[in-house]
Amino acid sequence: MRIYQIIVPLLGLIGIVFTMRQFSKGINTFFETLLWILLWSFISLVAIFPDAITLFISETIGIKDHINGIIFIGLAISFLLNFKLFDSLKKQNKALTELVRKLALEKASHSNDKK
Amino acid sequence: MDQDKLVIVIPSYNEADRILKVVTDIQRKGYRKIVVVDDGSTDNSMEGIKDLNVIILQHLVNRGAGAATETGLKYCRTILDAETVVMIDADTQHNVDDIRKLVEAHENQNADITIGNRFLENKKNIPAKRWFYNQIANIVTSIFAGKRVYDSQSGFKVFNKKALQKIIIEQDRFEHCSEILIKGLENNLKIIEVPIKVYYTPETIAKGQHFLNGVRTFVHLLHSVLFKNKQK
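Just so it is clear, the model here is predicted, and its values are computed rather than measured.

So, on to the overall build of chain A. Scanning chain A from terminus to terminus reveals 4 helices and 0 strands. The helix and strand sequence of chain A, counted from the amino end, reads α-α-α-α. Counting over 115 residues, chain A shows a buried share of 9%. Contacts in chain A between residues at least 24 apart in sequence constitute 39% of all its contacts with a sequence separation of at least 6.

Next up, the structure:
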């Protein structure tokens, strides 16, 4: 056993606990929590059983070289996370727009009242 | 048409050189209710029109053409109780004479949404690049809408009360034009297209559709479809 096979699962465990705490506080949605748990579990499993997991992935998705399989999965996860980031950014933008709109409408009705 | 129930909405961003002309041209045609939405301009655009008889709604920061349009529509929906709303660009690319043409066609054909189509007439006025980007946007919008549309990105539109109530714009930037058509078709609203004149200047070309806007429109529309239930 190598040192990273202890450190990475430990980090994964901390990540999972942190994610679940965020969920219990209502900060993360169920979907986000599930996504992070799956991600941390996957990273931990790859660290504990590197050969078995990478071989399993490469055989399952039909990629001959198992390193390419990992790169492929990594890209897929990265794409998914980017999309989630886009989703979160969009929510922030929407909230900002709502705020700006509310202020504009309030200011307009306020100046109409004065007239 | 009862002029008091017709409202002209003009979203405007850094149009200091043009907004005065657009507003005065519209007023000369006898339209009384004009709502200008200043979308966080940094060029003191509103100085020139603040003494005219117009309602000015000011965004503190720039939020995009879609956000500004929705602010104007929300004002018409909640405060003015408008029957008909005409949306027109602030950059003088549209001919204000076409307002009457659009509203008449809108009423005569009992439409819910009337789009001013730039490509049915005067094609020579439209730069090739602009024409190309708009055609791409039309294809993307048609895919999402499930029906062929011919000028999905026109900023010159008329809504009746039903459209005003049914369509709440969620897309902040140029993709709102596609969103209006998609939501209109989803809500079984009657959409017609009427040819309009359009005049492009280097400034209007710089501000309008370009390739990245097209990509952004596609991504935002895809996102809306994927996360539709969550957004509602």
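Once you've had a look at it, read on.
This part covers the overall build of chain B. Looking only at helices and strands, one finds 9 helices and 7 strands in chain B. Counting all 232 residues of chain B, 44% fall into the buried class. A separation of at least 24 residues holds for 77% of the contacts in chain B among residues at least 6 apart in sequence.

Below, the discussion takes up helix α2 (residues 30-48) of chain A. All names here are of chain A. The first and last C-alpha atoms of α2 sit 27 Å apart over 19 residues, in line with the 27 Å expected at 1.5 Å per residue. When α2 is considered as a whole, its buried residues turn out to be Trp 36, Trp 40 and Val 46. All buried residues of α2 project into a common sector of 130° when viewed along the axis, lining one side. Exposed residues lying more than 90 degrees from the buried face of α2 are Phe 30, Phe 31 and Leu 38.

Residues and elements named next belong to chain B. Counting buried residues along strand β1 (residues 6-12), 6 of its 7 residues qualify, which places the element largely inside the surrounding structure. The pairing of β1 with strand β4 (residues 84-87) spans 4 bridges and is classified as parallel. Across the sheet, the residue bridging to Val 9 is Met 87, located in β4. Judged from the 6 bridges that link them, β1 and strand β2 (residues 33-39) form a sheet pairing that is parallel.

All names here are of chain B. It is the contact of helix α4 (residues 128-145) with helix α6 (residues 176-186), at a shortest axis distance of 9 Å, that shows an interaxial angle of 30°. In terms of orientation, α4 lies roughly parallel with respect to α6. Between α4 and α6 the crossing geometry is right-handed. In contact with Ala 137, Val 140, Thr 141, Phe 144 and Ala 145 of α4, α6 contributes Ser 178, Leu 181, Ile 182 and Leu 185.

Glancing now at the interface of chain A and chain B. Each partner contributes residues to the interface: chain A has 13 residues there, and chain B has 15 residues. Residues that form the side of chain A that touches chain B fall into these classes: 6 nonpolar, 3 polar and 4 charged.

Residue and element names in this part refer to chain B. Membership of the largest hydrophobic core comes to 54 residues, with the highest contact counts inside it found for Val 9, Ile 10, Val 35, Val 36, Cys 76, Val 85 and Val 86. Looking at this core, the element that brings in the most residues is helix α2 (residues 65-80), giving 6 residues. Setting aside chain neighbours within four positions, we find Val 85 in contact with Val 7, Val 9, Leu 73, Cys 76, Phe 159 and Leu 164.

As a further point, take α6 of chain B. Every α-helical turn comprises 3.6 residues, leaving residues that sit three or four positions apart pointing alike. All names here are of chain B. By the criterion of burial, α6 is predominantly enclosed, with 9 of the 11 residues buried. The complete set of buried residues in α6 reads His 176, Cys 177, Ser 178, Glu 179, Ile 180, Leu 181, Ile 182, Lys 183 and Gly 184. Just beyond α6, the residue with positive phi is Asn 188, at close to 55°.

Moving on to the sheet that holds strand β7 (residues 191-195) of chain B. Residue and element names in this part refer to chain B. Read across the open sheet, the 7 strands follow the order β3-β2-β1-β4-β6-β5-β7; overall the sheet is mixed. At either end of the open sheet lies a strand with only one pairing partner, and these are β3 (55-59) and β7. Each strand axis lies, on average, 20° off the axis of its neighbour in the sheet, ignoring direction. Most of the contacts of helix α3 (residues 97-108) go to strand β5 (residues 113-117), to which it runs at about 140°, and overall it touches β1, β4, β5, β6 (157-160) and β7.

Turning to unusual backbone geometry, a few remarks are in order. Trans peptide bonds make up the majority, and among non-glycine residues the majority have a negative phi. All names here are of chain B. Phi is positive for Asn 14, close to 50°, though the residue is something other than glycine. Within the secondary structure layout, Asn 14 lies in the loop between β1 and α1 (19-28). When the 20 C-beta atoms within 10 Å are taken as the criterion, Asn 14 is described as buried. At Asn 44, a residue that is not glycine, the phi angle is positive and equals roughly 55°.

All names here are of chain A. Running from N to C, helix α1 (residues 4-24) and α2 cross one another at 170°; their axes reach a closest spacing of 8 Å. With respect to their mutual orientation, α1 and α2 come out roughly antiparallel. Touching Tyr 4, Gln 5, Val 8, Pro 9, Gly 12, Gly 15, Ile 16, Thr 19, Met 20 and Phe 23 of α1 are Thr 33, Trp 36, Ile 37, Trp 40, Ser 41, Ile 43, Ser 44, Ala 47 and Ile 48, all from α2. Of the residues belonging to the contact of α1 with α2, the class tally is 12 nonpolar, 7 polar and no charged.

With that settled, consider the confidence of the model for chain B. Scored by pLDDT, chain B has a mean of 88; 88% of the residues are at 70 or more. Among the scores for the predicted complex, ipTM is 0.85 and pTM is 0.75.

Conventions adopted
Numbers given to residues run from 1 along each chain, matching the order in which its sequence is written. Chains and ligands are labelled by the order in which they are written, letters from A for the one and numbers from 1 for the other. Reporting of local features is limited, given that this is a predicted model, to residues whose pLDDT is at least 70; pairs of side-chain atoms are given and counted only at 80 or more, and all residues count toward the totals for whole chains, interfaces and linings. Numbering of helices and strands runs from the N terminus; a helix is a DSSP stretch of H or I covering at least four residues, while a strand is a stretch of E covering at least two. Buried means a residue has 20 or more other C-beta atoms within 10 Å of its own C-beta, exposed means 12 or fewer, and partly exposed covers the counts in between; C-beta atoms are placed from the backbone. Two residues form a contact once the distance between their C-beta atoms, set from the backbone, is within 7 Å. One less than the residue count of a helix, multiplied by 1.5 Å, gives the span that helix is expected to have. Summarising the geometry, the arc corresponds to the directions from the helix axis toward the C-beta atoms. We call two strands paired when DSSP finds no fewer than two bridges between them. The angle between two axes is taken between their N-to-C directions and runs from 0 to 180 degrees, where each axis is a line fitted to C-alpha atoms and a helix contributes only its stretch in contact. The scheme is simple: roughly parallel for angles under 35 degrees, roughly antiparallel for over 145, roughly perpendicular for 65 to 115, oblique for anything else. Left-handed is the label given to a crossing in which the near helix is rotated counterclockwise from the far helix by less than a right angle, and right-handed is the label when the rotation is clockwise. When residue character is reported, Ala, Val, Leu, Ile, Met, Phe, Trp, Tyr, Cys and Pro are called nonpolar, Asp, Glu, Lys and Arg charged, and the others, Gly included, polar. Here a nonpolar core is just a set of buried residues of the types Ala, Val, Leu, Ile, Met, Phe, Trp, Tyr and Cys, joined wherever their C-beta atoms sit within 7 Å. Residue-level confidence of the predictor is what pLDDT reports, using numbers from 0 through 100.

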